[in-house]
Amino acid sequence: MTFAKSPTFDNSYARQSTQFFSPQAPTPVPTPNLIRANTALAEELGIDPQWLISPQGIATMAGNHIPDGAEPIATVYAGHQFGGWNPQLGDGRAVLLGELIAKNGIRYDWQLKGSGRTPYSRGGDGKSPLGPVLREYILCEAMAALDIPTTRALGAVTSGELVFRDQALPGAVFSRVAQSHIRVGTMQYFAARQDNEALLNLSNYLIDRHFSTAKQANNPIAAMLDEIIQRQATLIAQWQSVGFIHGVMNTDNMLLCGETVDYGPCAFMDSYDPATVFSSIDQNGRYAYGNQPAIGHWNLAQLAQALLPILDNSPDASEESAVAIAQEALNSFPERFLIAYQDIIKNKLGFAEFTEPDDALYQDLLSIMEQEKADFTLCFRRLAELSDEASCINNSVRELFEFSDAFTPWLQQWRQRLIEDEQTPAQRQAIMFKANPVFIPRNHLVQEAIAAAEQDNDLSFFNQLVDVLQTPHTFTQDKQRYAMPAAPSERVFQTFCGT
Ligand SMILES: Nc1ncnc2c1ncn2[C@@H]1O[C@H](COP(=O)(O)OP(=O)(O)OP(=O)(O)O)[C@@H](O)[C@H]1O
């Protein structure tokens, strides 16, 4: 008989200076029950899937058992929240259980979110209600299936206790996996304290962990900043391309490794409107869909500012020379974003290359979509079908979305443009299908999954939704309801942090 083996931890962050964290065990919960375990991800991480779903694995995900080798800590950070500076944040409701080296050789954090109070909890209870845990699970796994860099869900458990918000809600703990949880706000925390030694140590740690090419550069920290800017430009371009609205792009919610983090008040846009905001706390639309690239740039400027004291490693370094390095790096963001974005848009439109006139063509499409209140996802998907219509006769979204007359002149122009393009229709459509998913985690479906779980203790719709979103590009008629936009009565205009 073989016994499921507990994972092997190697906790590099816990070996750094204790300025970076506080040792903090998770708070045990009364009666943990498994919501879902991501056994495929467990395998990739070298965790025995049988162990993960064993009583010991479930107890670990609940914070009731600390496996050998785990060294739970809460990390410290600061951040700009909605533009306002907060000098003291940190994991207020999360602990980093430890790190695992995955089969691909990459080191990953395993964090428990909703695992009780820490020294950084301020007034909070350190807990998470079930709803936000389910939302984060659905959204982050959908993003992974869309091939967008993201933190992942290793699993989730209910806690068996109530969490008190404006009402009593069932509690849960989320097991989150990330390449690391070091944030723009982590750098800002030490910069604000003028602790250049900590800044340097943290940067060297990051370079070792995430930026091996920067390590070879003459100025590794400047090269690291450059690479972080590149990763964020690409990430935000990917968000824009699928209509993802993060909702709370505070500097403490931007990971330096380049993965999407914190699926609090986020959502995918249904009908196209660049002013779309979902977060109930974003009164001024700071984090609206159309503002995301500019906010990303602003956040990176805060990072560059934090790095200024250590940014120039030359013998004649001065404040001016450091500012010049920062400025040059930051100035590259708009161009980098545009290149990444156009690279995706050409695939969404079915062109081998993005040429200058394509920009106007694309903007025209967006304008018609906005005016027609067309569904962003289905509009692109139907376009992909039109690129080789015969191939998808039995499994078409035609019943869910058809172009209105307002699109006719645009479609003619698009077809004209395709004549100049060298790809075959089959090649083109394969690329277009990949760039134009049909299943996104629509807000009304996420809400339905949460409501069934909260009110009836029924996880079946949650599980179905997670499963369907694993193959976001393959449409079949039997999955039609998952592709449909919300009926007017189902529309969700706001999502909540659920803190
Ligand atoms: N219930 C709570 N108790 C204690 N601290 C909390 C609670 N909710 C949020 N916080 C803390 O408030 C800050 C901002 O919250 P935010 O919702 O952005 O983060 P989060 O979703 O808890 O965590 P993360 O950014 O790691 O996903 C974070 O430092 C977080 O730890």
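Predicted model only: the values in this text are computed from it and were never measured.

J.: Explain the overall build of the chain to me, please; I cannot follow it from the model alone.
T.: Counting its regular elements, the chain contains 18 helices and 11 strands. For a compact globule of 499 residues, the expected C-alpha radius of gyration is about 23 Å, and the chain comes in at 23 Å, within 12% of that figure. Taken along the three principal axes of its C-alpha coordinates, the chain extends 65 × 65 × 50 Å. Across the 499 residues that make up the chain, the buried fraction comes to 48%. Once local pairs closer than 6 in sequence are excluded, the contacts in the chain between residues at least 24 apart make up 72%.

J.: Would you mind going over the UniProt feature "binding site: ATP" (unreviewed entry) in the chain with me for this structure?
T.: This chain's UniProt record puts "binding site: ATP" (unreviewed entry) on G90, G92, R93, K113, D125, G126, R176, R183 and D262. Residue placement: K113 occurs in strand β7 (residues 107-113). Other than its neighbours up to four places away in sequence, K113 contacts R93, A94, S128, V173, F174 and R176. Topologically, D125 is positioned in the loop between β7 and α4 (130-145). We classify D125 as partly exposed; it has 17 C-beta atoms within 10 Å. Excluding its chain neighbours within four sequence positions, the residues that come into contact with D125 are R117 and V163.

J.: Just to check I follow, could you spell out unusual backbone geometry for this structure?
T.: A negative phi angle characterises most non-glycine residues, just as the trans form characterises most peptide bonds. A positive phi is found at D147, a non-glycine position, where the angle reads about 65 degrees. Here D147 is to be found in the loop between α4 and β8 (152-164). The backbone of D262 sits at a positive phi, close to 70 degrees, despite the residue not being glycine. Mapped onto the secondary structure, D262 falls in the loop between β10 (244-245) and β11 (267-268).

J.: Where do I start with the pairing of β8 in this structure?
T.: Taken residue by residue, a regular strand's side chains alternate between the two faces of the sheet. Bridge count for strand β2 (residues 33-37) against β8 is four bridges, and the pairing is antiparallel. In the strand pairing of β8, R36 is matched with A156. Direction of pairing for β8 relative to strand β9 (residues 168-178): antiparallel, over a ladder of nine bridges. Within the sheet, the bridge partner assigned to V163 lies in β9 and is L169. In this antiparallel pair of consecutive strands, β8 and β9, the connection spans three residues.

J.: I keep staring at the environment of N299 and nothing clicks. Help me out?
T.: Within the element layout of this structure, N299 appears in helix α9 (residues 292-311). We classify N299 as buried; it has 24 C-beta atoms within 10 Å. The spatial distance from the C-alpha of N299 to the C-alpha of I221 is 17 Å, given a sequence separation of 78 residues. The contacts of N299, once residues within four sequence positions are left out, are V184, M249, T251 and M254.

J.: Looking at this model, I keep getting lost on the domain arrangement of the chain. Mind explaining?
T.: Size of an interface: often given as the accessible area lost when the parts come together. By the assigned domains, the chain splits into domain 1 (13-181), domain 2 (196-266 + 275-338) and domain 3 (350-499). One C-alpha centre belongs to domain 1, the other to domain 2; they are set 23 Å apart. Across the contact, 27 residues belong to domain 1 and 23 residues belong to domain 2. Elements that contribute at least two residues to the side of domain 1 that touches domain 2 include exactly β4 (79-81) and α4. A total of six residues in the side of domain 1 that touches domain 2 trace back to one element, the largest contributor, which is α4.

Rules of the game
Residues numbered from 1 in each chain as written. Predicted model: local features only at pLDDT ≥ 70, side-chain atom pairs only at ≥ 80, totals over all residues. Helix = DSSP H or I, 4+ residues; strand = E, 2+ residues; numbered from the N terminus. Rg over C-alpha atoms; globule rule 2.2 N^0.38 Å. Buried ≥ 20, exposed ≤ 12 C-beta atoms within 10 Å, placed from the backbone. Contact = placed C-beta atoms within 7 Å. UniProt positions renumbered as here; feature names shortened; annotations may be inferred. Pairing = 2+ DSSP bridges. Domains from an automatic or database assignment.

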